[in-house]
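Analysis of the macromolecular model
Each chain, letter by letter, is given below.
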Amino acid sequence: MRDVAVIGIGMTEFGEIWEKSFRELVAEAGIKAIMDAGIEGEEIDALYIGGMSTGRFIGQEHVGSLAVEVAGLEDLHIPSTRVEAACASGGVAMHQGYLAVASGMYDIVVVGGAEKMTDVVGGEATNILASAADREWEAFFGATFPGLYALMAKYHMHKYGTTQEQLAMVAVKNHYNGSLNPKAQFKRRISVEDVLKSPMVADPLHLLDCSPISDGAAAAVLAPLEIAKNYTDKPIKISASIQATDTLSLHGRKRFDALPAAQHAAKLAYEKAGIKPKDVDVAEVHDCFTIAEIIAIEDLGFVEKGKGGKATEEGLTALDGEIPVNTSGGLKAKGHPVGATGVAQINEIVLQLRGEAGERQVKEAEIGLAHNVGGSGGTAVVHILEVI
Amino acid sequence: MLPSMASIVGYGAYVPRYRIKVEEIARIWGRDGKSVSSGLYVFEKSVPAIDEDTATISVEAARNAVRSSKIDAKKIGAIYVGSESHPYAVKPTATIVAEAIEATPELTAADYEFACKAGTAGMQNCIALVESKRITYGMAIGADVAQAAPGDALEYTAAAGGAAFIIGNEGIAEINDTISFTTDTPDFWRREGEPYPGHGERFTGAPAYFRHIVSAAKMLMEKVGMKASEYDYAVFHQPNGKFPMRVAKMLGFEKKQIEEGLLCPIIGNTYSGSTMLGLACVLDVAKPGDRILAVSYGSGAGSDAFDITVNDAIEDYERQNIRKMIENKEYVDYGTYMKLRGEFK
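So, here's what we can say about the structure.

What counts and what doesn't
Each chain carries its own residue numbering, running from 1 in the written order of its sequence. Starting at A for chains and at 1 for ligands, labels are handed out in the order in which the entities are written. Whole-chain, interface and lining totals are the exception, using all residues; otherwise, since this is a predicted model, local features are given only for residues with pLDDT of at least 70 and side-chain atom pairs are given and counted only at 80 or more. Numbering of helices and strands runs from the N terminus; a helix is a DSSP stretch of H or I covering at least four residues, while a strand is a stretch of E covering at least two. For a compact globule the rule gives 2.2 Å times the number of residues to the power 0.38, and the radius of gyration it is set against comes from C-alpha atoms. Residues with at least 20 other C-beta atoms within 10 Å of their own are called buried, those with 12 or fewer are called exposed, and the rest are partly exposed. The C-beta atoms themselves are positioned from the backbone. Residues are treated as contacting if the C-beta atoms built from their backbones sit within 7 Å of each other. By this rule the span expected of a helix is its residue count minus one, scaled by 1.5 Å. Nonpolar cores are identified as sets of buried Ala, Val, Leu, Ile, Met, Phe, Trp, Tyr and Cys residues joined via C-beta atoms within 7 Å. Domain limits in this description derive from either an automatic procedure or a database domain assignment. Strand pairing follows a simple DSSP-based rule, namely that at least 2 bridges must link the two strands. Inter-axis angles, ranging from 0 to 180 degrees, are taken between N-to-C directions of lines fitted to C-alpha atoms, where helices are fitted over the stretch in contact. Throughout, the term roughly parallel applies to angles under 35 degrees, roughly antiparallel to angles over 145, roughly perpendicular to angles from 65 to 115, and oblique to all others. Definitions for this section: a left-handed crossing has its near helix turned counterclockwise from the far helix by less than a right angle. A right-handed crossing has that turn clockwise. When residues are sorted by character, Ala, Val, Leu, Ile, Met, Phe, Trp, Tyr, Cys and Pro go into the nonpolar class, Asp, Glu, Lys and Arg into the charged class, and all the rest, Gly among them, into the polar class.

Attention shifts here to the overall build of chain A. When you go through chain A residue by residue, the secondary structure sums to 14 helices and 11 strands. The globule rule puts the C-alpha radius of gyration for 388 residues at 21 Å, and the 19 Å found for chain A is close to it. Looking at chain A residue by residue over its 388 residues, the buried ones come to 61%. Long-range contacts, defined here as pairs at least 24 residues apart, represent 77% of the contacts in chain A between residues at least 6 apart.

Structural data, given as structure tokens:
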């Protein structure tokens, strides 16, 4: 297997992008990534695009072909594959792209992720997202994602004494980081009080504990590490790309205070990269709800199980903390166009490792981690990226 | 000033006397009434009685306008009723009004629909007919008994009421100019045969209400050479209390300029009646020389903007005191509200 590097990144602004269609978002992110990598269209060997539910959000399936068409690459007849793993679609697309290059099958691979969620109204979006849970045993009985994560939050609070204020502090931190990210959906700084006063969605999760409905797309260009320097002075090595799976339903899990798939992926990723959790300088984690970030930093070994709330309160994960988490604003503030999220996380880590993250730059960041989750933990993908 | 410039000769309004509090609606749906109320900046809304509809509201408003302006209704050459809740799909409301105020038969009449701006579209047509000297007086009415599905966000604001404006020459306020800003923006709709409108939730905000009102207001102010600070009053369409306050701020208006015409917090959104009722309330207190900007918004989407200067004749005009009419109210509970709205079938 060959080593793989990211040689280009690109993404659209995230948010309610009323004026741009799905294909325009895909084109914008793709073109930005291709220009960033400085490659010609003819050099592209394959495309992978993550999309969670394009069929239900915009009535468009077959987005692999769509991506080739908007890129103007139809005459090359290259393979283009749409990848779906709920909110981890982008992360799994990255994993597929990584495998394709590492195996030696392809050299230059473009990985994209996109979702256009605001063409449907709120209740319909909630229903579509619930298709990432177990439809037969969860969604049909009324469980929504806020509901499932609320159950995890309640359990975490009960078992470890995690507080609502600590949950709120995740949102406060991520909104602060979002305020420094020009592409973030929410650039407004908020207080713990704002979170606690916002409407209750699913006890104990308030509106501001939840990531938003968003439109957006992100892309990355992958190449074998050995030729990466031909394209960029700052190639970023993918030192681990691990995908793991667990039960579709929350009730089928062995434990509710962790996402075992994420723990498993993290363990294998650290082994592959030959690093320890404390070696990570910056991380993008899947904070679809504030409790998800607390569980994530525990699952990733940044803190002991049960100490995530306290660590957040003490500033461990703040921009100036020991392990800055979600410097982009995370799903919470940057926005969460589900299929794009996993690739957007890679965009942020690459920016940080290149030293191009502007006001939110983490000093001397050399190792970054991206943690992308599908559903309530049925799929987890962990990528470790490194400056070379 | 052109001698043919159209002016407002008279106006009249009508708001049903029943009210339901936003908190009462929120109670039924298990929402926190206080936060819904403060979020929308709407406290209560008007409810039509069981025998009231867009036709009866239009007739009341038209009668008040004719009475106050003391004109001969026979000289009204056009009546347009703008509404999205005309009682008939086919059969005009405007003819009912014309007959009721004894303006028939020598006039043209038609019903308009352009979501919440159909009434102001009627005003523009009257202005055109008066300025081209085809008619002496024209009457434009904006009235609605707005529909909202039980449990929908619209239910907190969808209200009933209307206003009638008589357009002619040498009235109480000159209409210096009017422009429109129109696009095909599907933010809110009701298809044939459907009982309740559908809407695009947050899409009804930035790309719809705000873009159209801000664009129309800026276009008109630039055309007539006015700045926000130079107006005594401004009226913007009021789907809730928050939107007009925010759009006013975006355009550089202060709260004191829009307070007088802001009725939504106490009567809800009267749809086609909204901007025209607000303008009528401003005329109730305006002094000669006052300058008014009024901008409607209709989903689908468009805004009509009017630049108006009040003249000396307002002093002798028999004003209706619409706010006093609104104070005469009776609260109903949710069950009664549902009965009055004909929801029990």
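With that out of the way, let us pick up the overall build of chain B. Secondary structure summary: chain B contains 12 helices and 14 strands in total. For the C-alpha atoms alone, the extent of chain B along its principal axes is close to 60 × 45 × 35 Å. Taken over 345 residues, chain B has a buried fraction of 55%. Considering only contacts in chain B between residues 6 or more positions apart, those separated by 24 or more positions represent 78%.

Side chains that are three or four residues apart share a direction in an α-helix, a result of its 3.6 residues per turn. Residue and element names in this part refer to chain B. Between its first and last C-alpha atoms helix α10 (residues 274-285) spans 18 Å; for 12 residues at 1.5 Å apiece the expected length is 16 Å, and the two agree. A large share of α10 lies buried, amounting to 10 of its 12 residues. Ser274, Thr275, Met276, Leu277, Gly278, Leu279, Ala280, Cys281, Val282 and Leu283 are the residues of α10 that are buried.

Now for unusual backbone geometry. Note the cis peptide between Asp203 of chain A and Pro204 of chain A, where omega equals 10°. Looking at the element boundaries, Pro204 of chain A is found in the loop between β5 (200-202) and β6 (205-206). For the bond from Thr104 of chain B to Pro105 of chain B, the omega torsion is 0°, close enough to zero to count as cis. You will see that Glu364 of chain A, though not glycine, has its phi angle at about 50°, which is positive. For Glu364 of chain A, the position within the fold is in the loop between α14 (338-354) and β10 (367-374).

In this structure, Val6, Tyr149, Ala220 and Val221 of chain A are the most contacted members of the largest nonpolar core, which totals 135 residues. With nine residues, α14 of chain A is the largest single contributor of residues to this core. Taken together, domain 1 (4-121 + 214-236) and domain 2 (125-211 + 239-387) of chain A each give at least three residues to this core, which thus spans both. Non-local contacts of Ala220 of chain A, meaning those with residues more than four positions away in its chain, are made with Val6, Gly8, Ile9, Ala33, Met94, Val111, Val343, Ile346 and Asn347 of chain A. One finds Tyr18, Val47, Ala109 and Ala160 of chain B within the second-largest nonpolar core, a separate group that totals 116 residues.

Looking now at the sheet that holds strand β3 (residues 44-47) of chain B. Residues and elements named next belong to chain B. The three strands lie next to each other as β3-β2-β14, forming an open sheet whose pairing is mixed. Of all strands in the sheet, those bounded by a partner on one side alone are β3 and β14 (330-331). Where strand β2 (residues 18-21) lies against β3, four bridges are found, and the strand directions are antiparallel. Directly across from Arg19, in β3, lies its bridge partner Ser46.

This paragraph deals with the pairing of β2 of chain B. Direction of pairing for β2 of chain B relative to β14 of chain B: parallel, over a ladder of two bridges. Residue pairing for β14 of chain B: Tyr18 of chain B is matched across the bridge by Glu330 of chain B.

Before going further, it helps to spend a moment on the sheet that holds strand β11 (residues 379-387) of chain A. All names here are of chain A. Pairing in this open sheet of nine strands is mixed, and the strands run β3-β2-β4-β7-β1-β8-β11-β10-β9 from one edge to the other. Each end of this open sheet is capped by a strand with a single partner; those strands are β3 (80-83) and β9 (282-284). Recorded for the sheet is a direction-independent mean angle of 25° between the axes of neighbouring strands. By the bridge criterion, seven bridges tie strand β1 (residues 4-11) to strand β7 (residues 215-224) in an arrangement that is antiparallel. Of the residues in β7, the one forming a bridge with Met11 is Ala218.

All names here are of chain A. At a minimum axis separation of 9 Å, helix α6 (residues 145-160) and helix α11 (residues 290-299) run at an interaxial angle of 55°. Between α6 and α11, the crossing angle belongs to the class labelled oblique. Judged by the sense of rotation from one axis to the other, the crossing of α6 with α11 is left-handed. Here Tyr149, Met152, Ala153 and His156 of α6 come into contact with α11, specifically with Ile291, Ala292, Ile294 and Ile295. Grouping the constituent residues of the contact of α6 with α11 by class yields seven nonpolar, one polar and no charged.

None of the figures reported here should be taken as evidence of function without further support.
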